[in-house]
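Coordinate analysis (summary)
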Amino acid sequence: MAHLAVAEAAIPASETVVAVRGICKRYSEVEALRLIDLDFPRGKLTTLLGPSGCGKTTLLKIIAGLIAASSGEVRVNGKPVTGPGPERAFVFQDFALMPWATVMRNVAFGLELQGMGKAERQSIARNYIAEVGLTGFEDKYPHELSGGMRQRVGLARAFAVNAEVLLLDEPFSAVDEQNRRKFQEDLLRLVDKERKTFIFVTHSIEEAVYVSDRIVLLSRRPGRVSQIIEPRIDRTASPDAIRRDQGYLDTVEEIWQGLKHYVD
Amino acid sequence: MIAPSRVGGPAPAVHPPEGLGASLGRLASRHPVVWRLSSLVLFFLAWEIAGRVPISYAFPTFSATLVALVSMMADGSLFVAYGSTLQPLVIGIAISGVVGVVLGIVMGLSRMAEWLAAPLFVVLQAAPMAALIPLITFVYGIGLLAKTLAVIMLALPVIVLNGYKAVRNANPSLVAMCRSFQGTKLQQIAKIIVPDASPVIFAGLRLGLAAGFIGVILAELLITPTGIGDLITYHRSVANYAEMYAAVVSIILVSTLTLAALESFETRLLRPEKRRG
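Quantities reported herein were computed from a predicted structural model and do not represent experimental measurements. (Residues numbered from 1 in each chain as written. Chains lettered and ligands numbered in written order. Predicted model: local features only at pLDDT ≥ 70, side-chain atom pairs only at ≥ 80, totals over all residues.)

Considerations on the overall build of chain B
As a reminder, the rule being used: A helix here means a DSSP run of H or I that spans at least four residues, while a strand means a run of E at least two residues long, and both kinds are numbered starting from the N terminus. By definition, residues are in contact whenever their C-beta atoms, placed on the basis of the backbone, come within 7 Å of each other.
A tally of helices and strands in chain B yields twelve helices and zero strands. Mapped from its N terminus to its C terminus, chain B presents α and β elements in the order α-α-α-α-α-α-α-α-α-α-α-α. Nonlocal contacts in chain B, meaning residues at least 24 apart in sequence, comprise 72% of its contacts between residues at least 6 apart.

So, in structure tokens, the structure goes:
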């Protein structure tokens, strides 16, 4: 009974926003995901980490409603997912920016699709353009920006629709190393400021440990949950202190030991 | 020919220590239009020389052709000819443009429409149209309708096929992006697929327009001697070779300028990002 009481008390602190139940995905020949059960707590950044081809992006796109699962279901705030919804916003690996539209129009695009008036959506977009550090670039076109800046546009677009859950599909994989570090630091600041739920896909162990509250390790195909790790890292420390922190280094090592046997 | 392009930029030829070649080279690299003009000048020069040799009695010099062109403009015969040539061309291109783009988009969006229509246009594109034009005459006579049909038969397939391929190959990532932000199917088509496909659609329109010019000239040479086709045939028959060449040059000029206008229209309207280098 005492054990139960503790569990109940713990619920408000880590209320589940996204619940994944028994998700399987098979493409005609290949089984990509097998019986995935996961809860994503509100206000946390959870990372899906695993070897390439483990189906982590597939799982993220199933949560987004962009692809359908073969069986099982995803619930967001208790409601089953049948397609994309306003409570979720997606950040694409290849940025998915419209090359013919300015930064301003790209960031405001989610609001434009909702039918919001031009003045209103532009003032919201301007705010998030500033938030990701792109003030002054409103009238530029994507090809005039660096990879890192393009992904900031993608991030601002996802923030602008004010979704509760942000789904990030390897957002930094096409960004060079220096920009990637800066971007990770900015992301942590935004996670702290926006108080949203983040689900983050990456294949970089260091990146996962650096940004995550929880790390879900997926096994090689067919992808299954092999381990859940909660890095105990003092996030109030400076970024450089975190990267030298013993807890950070130990967690990176622990995950590497767990994943090593998947690498040929 | 080179002088006008110097007006805009700082004139490099002013600095005396530099060799003429070096300053010309710098001028050319700063203004690519200089290279293009030079290519034209060289071509006309070669033409002039070939005409003076002469390689054939029926081959006039560039200067003779230019004189003939001016005199045909002065006596108005050129404009009368264009009046009758442009009519089927404009009607045919307008129909091909509207029908072709719409049909191409529909075929790109729907597999059913693709299966229904694509084979027809693939065959039409592959068919030697000049051989079909006498058949048009057989059925539709020698009037405006027959010429318009000739334009459409040449222009439509390439417009349709380009439109359909462009839409079918629209960036899947952008389409997924639109879906993820709950864009409706209509928004997806209007705001993502068509703008994304527009460069290839416009390439199809440019090719269609060029094919339309071929169609109308073929029709005028093969069906009814009117317009520019008649001008060419008539001057050939009376051995006015300079006039004949002038008519040919004029249609090339008109077709090139129309294509360039279409291209700049496209950039202005649909791809604002291309306006900046």
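Some remarks on the overall build of chain A
Worth spelling out the cut-off: In this description the radius of gyration comes from C-alpha coordinates, and the expected globular size is given by 2.2 Å times residues to the power 0.38.
On a plain count of helices and strands, chain A comes out with ten helices and ten strands. Here the C-alpha radius of gyration of chain A, 19 Å, is about what a compact globule of 264 residues would show, namely 18 Å. For chain A, the spread of C-alpha atoms along the principal axes amounts to about 55 × 45 × 45 Å.

Some remarks on the confidence of the model for chain B
Residue and element names in this part refer to chain B. Operational definition: Residue-level confidence of the predictor is summarised by pLDDT, bounded by 0 at the bottom and 100 at the top.
Residue-level pLDDT values for chain B average 85, and 89% of them are 70 or greater. For chain B, helix 1 (residues 3-6) is the element with the lowest average pLDDT, namely 42, and helix 9 (residues 172-180) is the one with the highest, namely 94. Taken together, the chains of this predicted complex give a pTM of 0.79 and an interface ipTM of 0.87.

Some thoughts on the nonpolar core
Quick note on the threshold: Each nonpolar core consists of buried Ala, Val, Leu, Ile, Met, Phe, Trp, Tyr and Cys residues. Their C-beta atoms, within 7 Å, join them into a set. As a rule, residues whose C-beta atom has 12 or fewer other C-beta atoms within 10 Å are exposed, those with 20 or more are buried, and those in between are partly exposed; C-beta atoms are placed from the backbone.
Counting residues in hydrophobic clusters, the biggest one holds 137 residues, and the most contacted among them are Ile63, Val107, Ala156, Leu167 and Ile199 of chain A together with Ala150 and Ala155 of chain B. The dominant element in this core, judged by the number of residues it contributes, is helix 8 (residues 144-168) of chain B, at 16 residues. Apart from the residues lying within four places of it in its own chain, the contact partners of Ala155 of chain B are Gly92, Ile93, Ser96, Gly208, Leu209, Ala211, Gly212 and Gly215 of chain B.

A look at the interface of chain A and chain B
Contact with chain A, which involves 17 residues of that partner, is made by 15 residues of chain B. When residues in the side of chain A that touches chain B are grouped by element, the largest group, three residues, is from helix 4 (residues 109-114) of chain A.

Re helix 10 (residues 246-260) of chain A
Residues and elements named next belong to chain A. So the rule is basically this: To estimate the expected span of a helix, subtract one from its residue number and multiply by 1.5 Å. Note: the arc covers the axis-to-C-beta directions of the helix.
An ideal rise of 1.5 Å per residue puts 21 Å on 15 residues; helix 10 measures up with 21 Å between its terminal C-alpha atoms. Within helix 10 the residues assigned to the buried category are Tyr248, Thr251, Ile255 and Leu259. Looking straight down helix 10, one finds its buried side chains confined to an arc of 65°; they lie on one side. The exposed residues of helix 10 that point more than 90 degrees off its buried face are Gln246, Glu253, Trp256, Gln257 and Lys260. Of the surrounding elements, those touching the buried residues of helix 10 are helix 8 (205-211), strand 9 (214-218), strand 10 (225-229) and helix 9 (239-244).

Brief notes about the packing of helix 10 (residues 185-222) of chain B against helix 11 (residues 227-237) of chain B
All names here are of chain B. Heads up, the condition is: Working convention: axes come from line fits to C-alpha atoms, limited for helices to the stretch in contact. Angles between N-to-C directions cover 0 to 180 degrees. Any angle from 65 to 115 degrees is called roughly perpendicular, while one under 35 is roughly parallel, one over 145 is roughly antiparallel, and all others are oblique. By definition, any crossing whose near helix is turned counterclockwise from its far helix by less than a right angle is left-handed, and any crossing with a clockwise turn is right-handed. Under the scheme applied here, ten amino acids are nonpolar (Ala, Val, Leu, Ile, Met, Phe, Trp, Tyr, Cys and Pro), four are charged (Asp, Glu, Lys and Arg), and all others, including Gly, are polar.
Viewed as axis vectors pointing N to C, helix 10 and helix 11 meet at an angle of 50°, and their least axial separation amounts to 7 Å. As far as their axial angle goes, helix 11 and helix 10 are oblique. In the crossing of helix 10 with helix 11, the sense of the turn from one axis to the other is right-handed. Only Gly227, Ile228, Gly229, Asp230 and Thr233 of helix 11 make contact with helix 10, whose side of the interface consists of Ile217, Glu220 and Leu221. Taken together, the residues of the contact of helix 10 with helix 11 sort by class into three nonpolar, three polar and two charged.

A few points about the sheet that holds strand 7 (residues 165-169) of chain A
All names here are of chain A. As a reminder of what qualifies: In this analysis, strands are considered paired if DSSP registers two or more bridges between them.
Spatially, the six strands line up as an open sheet ordered 6-7-8-3-9-10, and their pairing is mixed. Of all the strands in the sheet, the pair left with one neighbour each is strand 6 (88-91) and strand 10. Neighbour-to-neighbour, the strand axes of this sheet turn through a mean angle of 15°, independent of strand direction. Inspection of the sheet shows strand 3 (residues 45-49) paired to strand 9 by four bridges, in the parallel sense. Counterpart to Leu48 in the pairing with strand 9 is Val216.

Observations regarding the sheet that holds strand 4 (residues 71-76) of chain A
Residues and elements named next belong to chain A. The sheet built from four strands is open, its strands ordered 2-1-4-5 with antiparallel pairing. Looking at the sheet topology across the chains shown, the edges are occupied by strand 2 (31-41) and strand 5 (79-80). Relative to strand 2, strand 1 (residues 16-26) runs antiparallel, the two sharing seven bridges. The residue bridging Ala19 from the neighbouring strand is Asp39, located in strand 2. Helix 2 (residues 56-64) contacts strand 1, strand 2 and strand 4 of the sheet and is inclined by roughly 120° relative to strand 1.

Side note on the pairing of strand 6 of chain A
Residues and elements named next belong to chain A. Neither face of strand 6 is open: one carries Arg88 and Phe90, the other Ala89 and Val91, and all of them are buried. Pairing between strand 6 and strand 7: four bridges, direction parallel. Within the sheet, the bridge partner assigned to Ala89 lies in strand 7 and is Leu166.

Overview of the environment of Arg189 of chain A
Take Arg189 of chain A: it is sitting in helix 7 (residues 177-194). In this structure, the C-alpha to C-alpha distance between Arg189 of chain A and Leu249 of chain A, residues 60 residues apart in sequence, is 21 Å.

Brief notes about the confidence of the model for chain A
When pLDDT is averaged across chain A, the result is 85; 94% of the residues are at 70 or more. Across chain A, the secondary-structure element scoring lowest on mean pLDDT is helix 1 (residues 2-10) of chain A, at 40, and the one scoring highest is helix 3 (residues 103-107) of chain A, at 95.

What to know about the packing of helix 3 (residues 32-52) of chain B against helix 4 (residues 62-74) of chain B
Residues and elements named next belong to chain B. Put simply, helix 3 and helix 4 touch, their axes get as near as 7 Å, and they point 105° apart. The angle between helix 3 and helix 4 places the two elements in the roughly perpendicular class. The residues of helix 4 that touch helix 3, namely those facing Phe44, Trp47, Glu48 and Gly51, are Phe62, Ser63 and Ala64. Here the contact of helix 3 with helix 4 is built from residues that sort into four nonpolar, two polar and one charged.

Points about the environment of Ala69 of chain A
Residue and element names in this part refer to chain A. Of note, Ala69 is situated in the loop between helix 2 and strand 4. Among the residues examined, Ala69 registers 23 C-beta atoms within 10 Å and is labelled buried. Apart from the residues within four sequence positions on either side, Ala69 is in contact with Ile23, Cys24, Lys25 and Ile62.

Notes on helix 11 of chain B
Regarding helix 11 of chain B, the residues found buried are Gly227, Ile228, Gly229, Leu231, Ile232 and His235 of chain B. On its buried face, helix 11 of chain B is in contact with helix 5 (77-109), helix 10 and helix 12 (241-269) of chain B.

Considerations on unusual backbone geometry
All names here are of chain A. The backbone of Leu35 sits at a positive phi, close to 45°, despite the residue not being glycine. Tracing the backbone through its elements, the reader meets Leu35 in strand 2. Leu35 gets classed as partly exposed once you count the C-beta atoms within 10 Å, which come to 14. Although it is not a glycine, Arg195 adopts a positive phi angle of roughly 50°. Turning to its location among the elements, Arg195 is positioned in the loop between helix 7 and strand 8 (197-202).

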